[in-house]
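What follows is each chain in one-letter form.
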Amino acid sequence: MSILLPPLRRELPFLVLDSGRNFVDFSFSSEFAVERDFGTEILSHADGAPDFSRINNSSCPWLFNHNRDQYLGIIKRAWLDKKKGICRAEWSSASEVEGSWAWTVRQDIEKGILPNTSFLYQINKLQQGRSGQMVATSWTPYEISTVTIPADPTVGMGRSELFKSKLVVIDKGGKTVSTELDNDLELEPVEAERLRVR
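In this numbering scheme, every chain counts its residues from 1 along its sequence in written order. Local features in this predicted model are restricted to residues of pLDDT 70 or higher, and side-chain atom pairs are both shown and tallied only at a pLDDT of 80 or more, whereas totals for entire chains, interfaces and linings draw on every residue. Side-chain numbers here rest on the full set of heavy atoms in the structure, without hydrogens or water.

Novice: Is there a simple way to explain unusual backbone geometry in this structure?
Specialist: Phi is mostly negative for residues that are not glycine, and the peptide bonds are mostly trans. A positive phi angle, near 55°, is found at Ser58, a position not held by glycine. With respect to the helices, strands and loops of the structure, Ser58 is situated in the loop between helix H1 (53–56) and strand S7 (60–64). Buried means the residue's accessible area, taken with a 1.4 Å probe over protein chains only, is under 20% of the maximum for its type, while exposed means over 50%, and partly exposed covers the values in between. Residue Ser58 is classed as partly exposed on the basis of its relative accessible area, which comes to 27%. Despite not being glycine, Asn65 has its phi angle at roughly 55°, a positive value. Helix and strand assignments come from DSSP, with helices taken as H or I runs of at least 4 residues and strands as E runs of at least 2, each series counted from the N terminus. Structurally, Asn65 is set in the loop between S7 and strand S8 (67–81). Residue class for Asn65 comes out partly exposed when judged on its relative accessible area of 30%.

Written as structure tokens, this is what we have:
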């Protein structure tokens, strides 16, 4: 069985684990079950399931409300800790300019007024679990956002212009199936340049 999956989003409370003058560490993902059109989805946080290569190459932006024009900084690295995805975000220099939009948002984040995190990710492999849940055994985060209101999961899911949907093969026999599908990002020229110079 195959299904076409667009990039998806998840929301979590913004839990600061460590912070400094120019960085903040926080959790952005977990194994919390989420209802999707294709069933109950769980993101596996086993070693090797999340592909953090984009993040660890400093290619993952930290945005406000998933808006590519409201840039808070860059996600410098990510790692797993107790079945959660943790990241270190570096603040944009604009967040240090008192009175600027980025400075105002930073103040609200640091005071706990903006407590929610959401992230955009692509599922690469799904496996049906014993209880019928769909476990993403391979997934890649593309951006992490601080959000004012977590997105309604019934509208606007996966409508990013940056990424195309991906065909994912689901193995109901209990083992993961490797697929050789085109996973290239379809970037518009302006967006490709924006990502290149960040």
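Novice: Just checking my understanding: could you explain the side chain of Thr40 for this structure?
Specialist: With respect to the secondary-structure elements, Thr40 resides in strand S6 (residues 39–43). Residue Thr40 is classed as buried on the basis of its relative accessible area, which comes to 17%. By the criterion applied in these results, polar contacts are pairs of N or O atoms within 3.5 Å in which, for protein atoms, one can donate a hydrogen and the other can accept it, and in which residues neighboring in sequence qualify only through two side-chain atoms. Here Glu35 takes part through its side chain, which lies 2.5 Å from a polar atom of the side chain of Thr40. Excluding residues within four positions of it along the chain, Thr40 makes contact with Ala33, Val34, Glu35, Gln133 and Met134. Any two residues having at least one pair of non-hydrogen atoms within 4.5 Å are treated as being in contact.

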